[in-house]
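A structural walkthrough
Listed below, chain by chain, are the residues.
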Amino acid sequence: MRLSRYFLPVLKETPAEAQIASHRLMLRAGMIKQASAGIYSWLPLGFKVLRKLENIVHEEQQRAGHIPMLMPTLQSAELWKESGRYDAYGPEMLRIRDRHDRDMLYGPTNEEMITDIFRSYVRSYKDLPLTLYHIQWKFRDEVRPRFGVMRGREFFMKDGYNFDLTKEDALHAYNRHLVSYLRTYERMGLQAIPMRADGGPIGGDYTHEFLVLAETGESEVFYDSEITDLTFGDRQIDYDDVAQCEAVLEEFTSRYARTDETHDEAVFAEVPEERRRTARGIEVGQIFYFGTKYSEAMGATVQGPDGKPVEVHMGSHGIGVSRLIGAIIEANHDDKGIIWPEGVTPFHVGIVNLKTGDAEADAACESLYKALEAKGLEPLYDDRDERAGGKFATMDLIGLPWRITVGPRGLKNGVVEVTSRRTGESEEMAPDAAIEKIIGIYAGL
Ligand SMILES: Nc1ncnc2c1ncn2[C@@H]1O[C@H](COP(=O)(O)OP(=O)(O)O)[C@@H](O)[C@H]1O
Ligand SMILES: [Mg+2]
């Protein structure tokens, strides 16, 4: 993409309404525009990051064997009356009446709808296990939408649902989700810690929330500092291997890590004092096993091996895809702007032409741009006729992790400059070497 042809409405001023860095930076970098309270338009740069996160979530879900589909945003109230949640959900549910006076709602989640789909088609235990998921917009009429996409009213969420014959099988699905979530967040450059959580309106005994540590997080968290040393890395997991998935759950959840909702001072006191940490965190996902709660209420049964009907065991598993962008920025920024992790950056590299109009500089930028594109990378080329300082400020603000700077003076010596946004360090090298370097950085991603 050439910046002269892109739509990147960056703001010079810091918007007064934004209280935290990620919200400020998303507005300033022209990623989002508020449409009304807690509802945003995703401008091209923001949309690009959203799509990247969505793709990572899809890839990791499918790697775990989960099946993608898509359910609508608008739902009929009937299903929610069946489960009993139409009344239980309260004012966070946006209720709508259509022209025929039918009660509808904008889905805050999809347990009822997926259970209805399941019971309509699945008859036998032989069709299990089954895990279906979708990534779709949700609406929750939050009392205090705030912090931009962090607590929106409309937000983008991956929600997956497992259907299993037994509790044991459903717990394997739970573990599979835990493993796939660890991989997902790490690919996004985040450490998200599974913490024991509270069932809330969905109900259930087994539930973990995934929290990214950040001062601006809404949850208070308590944990054993050993937990932040754990990384998932590039281990190869066989998602059908029950013992292997369970071992990962053990490894990542055996140390103390809880949110304020489940925090227990007495148990926390057993952690050696020098390892006890109190901090704040952003909830970027949650997994639940809730047994037969919905299958019982809605009659989702299959014929078991002995021919008798069995209510299926279920769980649901969410990732806050749009919130994640806020969490990533909270964890990766400085006073100049965003610093995208390579795995989610909207463009792989910025090309800054220090002297647009100079024949040699223009030609060198063009050839870098074409060579990078030919390798499947997406450069953002600042070809505008603007001062260098302004171009650097824009690149720093939008946070591309790598920048190639091209100017007549360097070109006389046969070099361009490659700069890391994270460290600020620059290195001079021949244009070909710069291309190789950028290709190398993204090779494994
Ligand atoms: N209002 C919101 N704005 C943005 N993301 C949200 C919002 N509510 C929930 N999410 C995201 O969706 C994920 C799954 O939702 P869920 O666990 O049902 O939400 P909650 O714990 O807030 O009831 C959460 O972990 C969070 O990352
Ligand atoms: Mg939650």
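In what follows, the accompanying structure is described. (Residues numbered from 1 in each chain as written. Chains lettered and ligands numbered in written order. Predicted model: local features only at pLDDT ≥ 70, side-chain atom pairs only at ≥ 80, totals over all residues.)

This next bit is on the site of ligand 1. What surrounds ligand 1 is a group of 16 residues, the closest being Phe155, Gln286, Gly318, Gly320 and Arg323. Of all elements in the fold, only β8 (154-164), β13 (276-291), β16 (313-320) and α10 (321-331) reach the threshold of two or more residues within the shell around ligand 1. Broken down by element, the residue count for the shell around ligand 1 peaks at four residues, all from β13. For the shell around ligand 1, a count of residues per class yields three nonpolar, eight polar and five charged. (Near = placed C-beta within 6 Å. Helix = DSSP H or I, 4+ residues; strand = E, 2+ residues; numbered from the N terminus. Nonpolar A, V, L, I, M, F, W, Y, C, P; charged D, E, K, R; others polar.)

To continue, consider the sheet that holds strand β6 (residues 103-106). The three strands are arranged β4-β6-β5 in an open sheet whose pairing can be described as antiparallel. Each of the sheet's edge strands pairs with one partner strand only, and the pair in question is β4 (74-76) and β5 (94-97). Shown here is a sheet whose adjacent strand axes are inclined to one another by a mean of 35°, direction ignored. Two elements, β5 and β6, share four bridges in a ladder whose sense is antiparallel. Paired with Ile96 across the strands is Met104, a residue of β6. (Pairing = 2+ DSSP bridges. Axes fitted to C-alpha atoms, helices over the stretch in contact; angles between N-to-C directions.)

Pro129 follows Leu128 through a cis peptide bond whose omega is 0°. Mapping Pro129 onto the fold places it in the loop between α5 (111-121) and β7 (130-139). One non-glycine residue, Asp101, lies in positive phi territory at about 65°. Within the secondary structure, Asp101 is located in the loop between β5 and β6. Exposure remark for Asp101: the 6 C-beta atoms within 10 Å place this residue in the exposed category. (Buried ≥ 20, exposed ≤ 12 C-beta atoms within 10 Å, placed from the backbone.)

This brings us to the nonpolar core. Leu53, Leu368 and Val406 are the most contacted members of the largest nonpolar core, which totals 104 residues. Among the elements that take part in this core, helix α6 (residues 167-187) stands out by supplying nine residues, more than any other. Each of domain 1 (8-337) and domain 2 (347-442) gives at least three residues to this core. Look past the residues within four positions of Leu53 in its chain and what remains in contact with it is Met188, Val321, Leu324, Ile325 and Val344. (Core = buried A, V, L, I, M, F, W, Y, C linked by C-beta atoms within 7 Å. Domains from an automatic or database assignment. Contact = placed C-beta atoms within 7 Å.)

In space, the five strands of this open sheet follow the order β20-β19-β21-β22-β23, with mixed pairing throughout. In this open sheet, the two strands that pair with only one neighbour each are β20 (379-382) and β23 (426-429). Averaged over neighbouring strand pairs, the angle between their axes works out to 20° when direction is ignored. Docked against the sheet, helix α11 (residues 359-374) engages β19 (349-353), β20 and β21 (402-406), running at close to 165° with respect to β19. Here helix α14 (residues 431-442) sits on the sheet and contacts β19, β21, β22 (416-420) and β23; the angle it forms with β22, its principal contact strand, is near 25°.

The interhelical angle for the contact between helix α1 (residues 21-28) and α10, taken along N-to-C directions, is 105°, at an axis separation of 8 Å. In terms of orientation, α1 and α10 fall into the roughly perpendicular class. For the pair formed by α1 and α10, the contact residues are Ala21, Ser22, Leu25 and Met26 on the first element and Gly326, Ile329 and Glu330 on the second. Of the residues contributing to the contact of α1 with α10, the split by class is four nonpolar, two polar and one charged. (Parallel < 35°, antiparallel > 145°, perpendicular 65-115°, else oblique.)

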